[in-house]
Amino acid sequence: MKQTSHRFSQNVTRALAEPTLKLALDRTTTLLRSRRARVIADFPQYAQARETAQKIKDHTLDNLGHYLRQFEQNAIASGAQVHWAATPAEARKIVTDICTAEGAKTATRVKSMLGEEIGIGEALAEAGVERIETDLAEHIIQLAGDPPSHIVMPAMHKTHEQVAELFADKHAQPSATQDVPALVESARRELRPKFLNADISISGANFLIADTGSFITVTNEGNAELTTTPPRTHIVTVGIEKMVPSLKHAAVFLRLLSRAAIGTEITQYTTFYNGPKRAGDRDGPERVHIVLVDNHRSDMLSDFLRPMLRCIRCGACMNHCPVYSAVGGHAYGAVYPGPMGSVLTPAMTGLKGSKDLPNACTLNGRCKEVCPVNIPLPDMLRSLRARQFDAGMASPRTAWSLRLWAMLATRPALYRLATGAANIGLRVLARGRGKISAVPLAGGWTRTRDLPQPEAGTFMQQYKKKRH
Amino acid sequence: MSRDAILAKIDRVNGKGDPSGIAELAAALIAEPDGFRATFPDRPTYERFVAKATSDTVTATVEPLSGLSALPAAIAAYLTENGLAQHIALQPRDSLTALDWTGFETAASARMDEPVAVTFADAGIAETGSLVFQSAPDAPVLLNFLPLHHLVVIRKDTILPHMEDAFERFGTLASDQQRSLNIITGTSGTADIEARNVRGAHGPRYMHIYIYCIDS
Amino acid sequence: MNTAQDGRPRIGFFVTCIVDAMRPNIGFASLKLLEDAGCDVSVPAAQTCCGQPAFNSGDDATTRRLARQVIEAFEPFDYIVVPSGSCASMIRSHYGELFQDDPDWQARQKPVSAKTWEILSFLTDVLHYTPKGVRYPGTATYHDSCSGLRDLGVHDQPRALLAEVDALDLVPLEGNTECCGFGGTFCVKYPELSTAIVAEKAAKIKATDADTLLGGDMGCLMNMAGKLSRDGSDLRVFHTVEVLAGMADGPGICAPRLK
Ligand code: SF4
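1. Observations concerning the domain arrangement of chain C
Residue and element names in this part refer to chain C. For chain C, the domain assignment lists domain 1 (10–124) and domain 2 (133–244). Averaged C-alpha coordinates put domain 1 and domain 2 at centres separated by 22 Å. The interface is formed by 26 residues belonging to domain 1 together with 23 residues belonging to domain 2. Carbon and sulfur atoms make up 71% of the surface buried where domain 1 meets domain 2, a total of about 1,900 Å² over both sides. On inspection of domain 1 and its partner domain 2, the count reaches one salt bridge. Between Glu 242 and Arg 23 there is a salt bridge; the shortest N-O distance is 2.9 Å. Applying the counting criterion to the domain 1 and domain 2 interface returns seven residue pairs in polar contact (both at pLDDT 80 or more). Looking at the side of domain 1 that touches domain 2, the elements with two or more residues in it are α1 (17–22), α2 (24–36), α5 (85–98) and α7 (119–126). When residues in the side of domain 1 that touches domain 2 are grouped by element, the largest group, seven residues, is from α5.

2. Here's the deal with the side chain of B:His87
Residues and elements named next belong to chain B. Structurally, His 87 can be placed in strand β2 (residues 87–90). In this structure His 87 comes out as buried when scored by relative accessible area, which is 13%. There is a polar contact of 3.0 Å between the side chain of His 87 and the side chain of Glu 105. Residues within four places of His 87 in sequence aside, it is in contact with Leu 79, Glu 105, Ala 107, Arg 111, Glu 114 and Val 116.

3. Points about helix α8 (residues 136–144) of chain A
Of the positions making up α8(A), those classed as buried are A:Leu136, A:Ala137, A:Glu138, A:His139, A:Ile140 and A:Ile141. Those residues of α8(A) hidden inside the fold are in contact with β2 (106–109), α6 (113–118), β3 (130–133), α9 (160–170) and α10 (180–197) of chain A together with β10 (189–190) of chain B. For α8(A), the capping residue at the N-terminal end is A:Asp135, with a side-chain oxygen 3.2 Å from the backbone nitrogen of A:Ala137.

4. Examining the site of the ligand
Taken together, 14 residues lie near the ligand, and A:Cys311, A:Cys314, A:Gly315, A:Cys317 and A:Cys371 sit nearest. A breakdown of the residues in the shell around the ligand according to their chemical character gives 12 nonpolar, one polar and one charged.

5. Some words on helix α5 (residues 88–102) of chain A
Residues and elements named next belong to chain A. Relative to the 21 Å expected for 15 residues at 1.5 Å per residue, α5 spans 21 Å between its end C-alpha atoms, a close match to the ideal helical length. All buried positions along α5 are accounted for by Pro 88, Ala 91, Ile 94, Val 95, Thr 96, Ile 98, Cys 99 and Glu 102. The inward-facing, buried residues of α5 abut β1 (81–85), α6, α7 (120–126), β4 (200–203), β7 (233–239) and β10 (287–293). Gly 103 occupies a position one or two residues after α5 and carries a positive phi of about 60 degrees.

6. Some thoughts on the interface of chain A and chain C
Each side of the interface is counted separately: chain A has 65 residues, and chain C has 70 residues. The three residues of chain A that bury the most area against chain C are A:Arg382, A:Arg449 and A:Phe459, which together make up 14% of that side's buried surface. Along the contact surface separating chain A from chain C lie five salt bridges. Of the charged contacts, one joins C:Asp60 and A:Arg382 as a salt bridge, the two residues approaching to 2.9 Å between their closest N and O atoms. If you look at where chain A meets chain C, you find 26 residue pairs in polar contact (both at pLDDT 80 or more). Of the residues belonging to the side of chain A that touches chain C, the class tally is 26 nonpolar, 20 polar and 19 charged.

7. Quick look at the pairing of β2(B)
Residue and element names in this part refer to chain B. What you see with β2 is no split at all: His 87 and Ala 89 on one side and Ile 88 and Leu 90 on the other are buried throughout. Direction of pairing for β2 relative to strand β3 (residues 105–107): parallel, over a ladder of three bridges. Across the sheet, the residue bridging to Ile 88 is Thr 106, located in β3. Bridge analysis of β2 against strand β4 (residues 116–120) gives two bridges, and the strand direction is parallel.

8. Section: the interface of chain A and chain B
In this assembly, 98 residues from chain A lie in contact with 80 residues from chain B. Together, the buried faces of chain A and chain B total about 7,500 Å²; carbon and sulfur atoms form 60% of this surface. Among the residues chain A hides against chain B, the three largest losses belong to A:Arg188, A:Lys248 and A:Arg255. Together they make up 9% of the total. Counting across the interface, chain A meets chain B through nine salt bridges. Note that A:Arg255 is salt-bridged to B:Glu127, the shortest N-O span being 2.7 Å. Inspection of the chain A/chain B interface yields 45 residue pairs in polar contact (both at pLDDT 80 or more). Of the residues forming the side of chain A that touches chain B, the biggest block, 11 residues, is contributed by α10(A). For the side of chain A that touches chain B, the residue count by class is 42 nonpolar, 29 polar and 27 charged. Here strand β9 (residues 269–273) of chain A pairs with strand β9 (residues 180–184) of chain B via five bridges, running antiparallel. Looking at the pairing, A:Tyr269 lines up with B:Ile184 of β9(B).

9. Structural notes on empty space enclosed by the protein
A water-sized probe, rolled over the atoms, reveals where empty space remains. All names here are of chain A. With the rule as written, the count across this model stands at six cavities of 30 Å³ or more. The set of elements that each furnish at least two residues to the lining of the largest cavity consists of α15 (322–327), α16 (338–349) and α18 (377–390). The dominant element in the lining of the largest cavity, judged by the number of residues it contributes, is α16, at three residues. Residues that form the lining of the largest cavity fall into these classes: 12 nonpolar, six polar and no charged.

10. A look at the pattern of salt bridges
One pass over the full model with this rule turns up 51 salt bridges over all chains. One salt bridge in this structure joins C:Glu200 and A:Lys22, with 3.0 Å as the shortest N-O distance. One end of the pair, C:Glu200, is in helix α11 (residues 191–206); the other, A:Lys22, is in helix α2 (residues 21–41), on a second chain. Overall, A:Lys22 belongs to the partly exposed group, its relative accessible area being 25%. Here C:Glu75 ties to C:Arg108 by a salt bridge, and the two come within 2.4 Å at their closest N and O atoms. Residue C:Glu75 is located in the loop between α4 (60–74) and β3 (79–82), and its partner C:Arg108 is located in helix α6 (residues 103–114); the two are separated by 33 residues in the primary sequence. Overlapping salt bridges, with partners in common, bring together A:Lys22, A:Asp26, A:Arg33, C:Glu178, C:Glu200 and C:Lys204 in one network.

11. Overview of the environment of C:Gln69
Assignment of secondary structure puts C:Gln69 in helix α4. Here C:Gln69 falls in the buried class, since its relative accessible area comes to 11%. Spatially, the C-alpha atoms of C:Gln69 and C:Thr48 are 8.8 Å apart, while their sequence positions differ by 21 residues. With residues up to four places along the chain from it excluded, the contact list for C:Gln69 reads A:Ala409, A:Thr410, A:Arg411, A:Pro412, C:Ala46 and C:Thr48.

12. Focus: the sheet that holds strand β1 (residues 10–13) of chain C
Residues and elements named next belong to chain C. With parallel pairing, the four strands of this open sheet are ordered in space as β2-β1-β3-β4. Only two strands of the sheet have a single neighbouring strand rather than two, namely β2 (40–42) and β4 (116–118). With direction set aside, neighbouring strand axes in the sheet form an average angle of 35 degrees. Sheet topology places β1 next to β2; three bridges connect them, and they run parallel. The residue bridging Ile 11 from the neighbouring strand is Val 41, located in β2.

13. Digging into the packing of aromatic side chains
One pass over the full model with this rule turns up 20 aromatic pairs over all chains. Geometrically, the ring pair formed by A:Tyr269 and B:Phe145 is tilted, given 5.2 Å between the ring centres and 45 degrees between the ring planes. Of this pair, A:Tyr269 sits in strand β9 while B:Phe145 sits in the loop between β6 (130–134) and β7 (149–155), each in a different chain. Under the relative-accessibility criterion, B:Phe145 is labelled buried at 1%. Ring plane angle 80 degrees and centroid distance 6.3 Å describe the contact between B:Phe120 and B:Tyr212, whose orientation is recorded as edge-to-face. With B:Phe120 in strand β4 and B:Tyr212 in strand β12 (residues 206–212), this pair connects stretches of sequence that are 92 residues apart. In this structure B:Phe120 comes out as buried when scored by relative accessible area, which is 9%.

How each quantity is defined
- Residues numbered from 1 in each chain as written.
- Chains lettered and ligands numbered in written order.
- Predicted model: local features only at pLDDT ≥ 70, side-chain atom pairs only at ≥ 80, totals over all residues.
- Heavy atoms only, no water.
- Domains from an automatic or database assignment.
- Contact = heavy atoms within 4.5 Å.
- Buried area = accessible area lost by both parts, 1.4 Å probe.
- Salt bridge = Lys/Arg side-chain N within 4 Å of Asp/Glu carboxyl O.
- Polar contact = N/O pair within 3.5 Å; in protein donor to acceptor, adjacent residues only side chain to side chain.
- Helix = DSSP H or I, 4+ residues; strand = E, 2+ residues; numbered from the N terminus.
- Buried < 20%, exposed > 50% of the residue type's maximum accessible area, 1.4 Å probe, protein only.
- Near = heavy atom within 4 Å.
- Nonpolar A, V, L, I, M, F, W, Y, C, P; charged D, E, K, R; others polar.
- Expected span 1.5 Å × (residues − 1).
- Pairing = 2+ DSSP bridges.
- 1 Å grid on protein atoms, 1.4 Å probe; cavity = no way out; pocket = protein on both sides within 12 Å on 5 of 7 lines; lining within 4 Å.
- Points joined across faces, edges and corners; volume = space filled by probe spheres on them.
- Axes fitted to C-alpha atoms, helices over the stretch in contact; angles between N-to-C directions.
- Phe/Tyr/Trp six-rings, centres within 6.5 Å; stacked < 30°, edge-to-face > 60°.

If you want it as structure tokens, here you go:
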């Protein structure tokens, strides 16, 4: 997708003006939040599971080189081919080369954020391969021509009424009614034949298992297995941070992922894959290619962004983010939206083109609170601001007002004079009404909110009078 | 080559270190699994499995069988009750094909719009009400995904408390792994439109589980 | 340590820049409560701001200068008490990040951070204080400001204190732990976003039966009161200490002055 993070403010204005966006977001986030809260309340071991998960990821990251080598060796032993890509461009080339070598015309795809990150859609288009998205939400946005707006629910920005219109327009046999089950049925009718006839399947992986060489997909629709079983070749593109040491370590995450993402104890379909079909197997691909993608993950390992590599892409942070809930995922203008995206986008594509993302956050801390692997997202966003500030990237107005304010705030006596003067000024503006509806230089506040009229005299002035 | 460059970069940050001892460290992290998984000390494994499998999130139905030989009659009744033709896609596994299927049309693979498939689960997981299917020449994967009605047979003594127990059962080494291990919990569902739960997204809409004890 | 001669805990009161400039009543209500609870309270003159605006703008050098000023002014006291969860959390939870490479200052910062308290939790958790004979006739709802709630665990304390107030009913607020959209510098840098968030908050407040909104952070209260006032609502908005000290008889935040 085309990144538009540098136009964040315009994106926000546009998002806030969209008539049905907020409705669509509210319908989904309300349900996801309450379901998550309920399933976590029913899981007394949650705190320890979360702590264990964090420790496992930290341990794996501490020994990432070891585990990657171990994974590679075991995956090759299972019959898979393992490729390494430092950049999205390299990953795309590996994928298109395989497609060309296979003479592939169609590829079915299981939603994966890493696929979006490396631009798999563009790659397939270039290679002349027809791409068929099989995840229901991805199917919706493919028909609509939209980028995903959420990492678990890519079509969160659409109301069911909009989906109904879209299907009526694009499906061969659309449903007669607009209710959600009928829409799901319509998609089933449309997609079913396509699963069985594709040349290639492409998926991501939620976890890699070092000591078996397995990779895992989790879905609720069952589209991963329907997608990856029939075609003769299965390509997996996956980030190197998805590693865990063993099957039993993966179990810890499987218990957390679905709870955090959609509020269920486990996803309906959890599949462990080990290479191509065995002698005598009646189905399964003949060739399996695993593409291990770095794309700045090894850079993140070396600085304060390291904890971000614990992320299991559950989406809880965005479901609970007030900014995401107000404007949805598209406003962020990048593959990964919400709090985790505001960390990842600068890390993967540079701070210059995504200056606003770390700043457009109230640092309320809810994302960290709900994160199943306890990623200190607010702290990292703040550290990114410090990195920006040190690089002289703060806007001139911010830098200038900070300097003036710092000059006063570090000189208490002078500060007293200034606040005393401001107190008088604000009271003049309030004209005794208790509130102020316009203040020079503070239009951002007073366009939509009143400012209280200050009392006569600052606290320090009044205190001095009273006590001395 | 990107492989070596990526690994070299990681080693530079982490230090290459001595790989001995890593396995022990990793094992210590999960030495006490009951601290981080749902436990059910007061409930027999079987009961927990049934309660979870039939819960309103998993939505399966469960039927006890006196023995495997009672399966064809039970399936015939299910098909009749649901107004389905007496046609089933039957997993080509000896224990199933050896049964008396007189009166049924059976096929070893599923068609694109298969209404009913019957497959054997290799294990159950009581913690979550899940079923485990290991792929094999007589256990193709698609049979579990294509039908609208997924009828599953499981032996009661293969229902295990936790996912970890299932891994133990099938082996945790690389060489133990078949092509795929499916852990299936209920039916195909989606919440992709306004987070509303709908069943029968791409795969099965109904799951019915027959549980039997070994004929003695 | 500088405990008063009579054994009363010596408190350094940090008024915060917003309360100082906008609503001194919160400061005086705090002093009254602390003194009622048996504390010896001082207000060091060398205080301005905890440094949060600089910190959240990524200006760590300025933050450090302000933090040193706070540490110097407040290290003599037994406790530092702040009528704001967010400023208290800045000193208590975030100052540590500033002096990681400076052992001398770290040695001074650590005890200051450890003895810094948000006022409502200080009153309950440390002083075990219960207000007596206070009356506030009305129905109030409560917004839990984020830093106090998540960094300092302030949630039950204000409710326990308010339960002792006569004639006051507390009704639940949907989404009481969700951010109001203030966010310090956020509200002026991203006014549209801030407005969208506070509009939703204001709607939820208005959907309760409450005639009063209470909270523990003047920044957030100012944001919500400003929006409610602009919407034409006549809900009264107070900081919890104003009610607890019996000093909520004047106009609420953004309410018209009577004189
Ligand atoms: S940062 Fe945490 S909450 Fe957000 S997607 Fe990643 S794991 Fe989930």
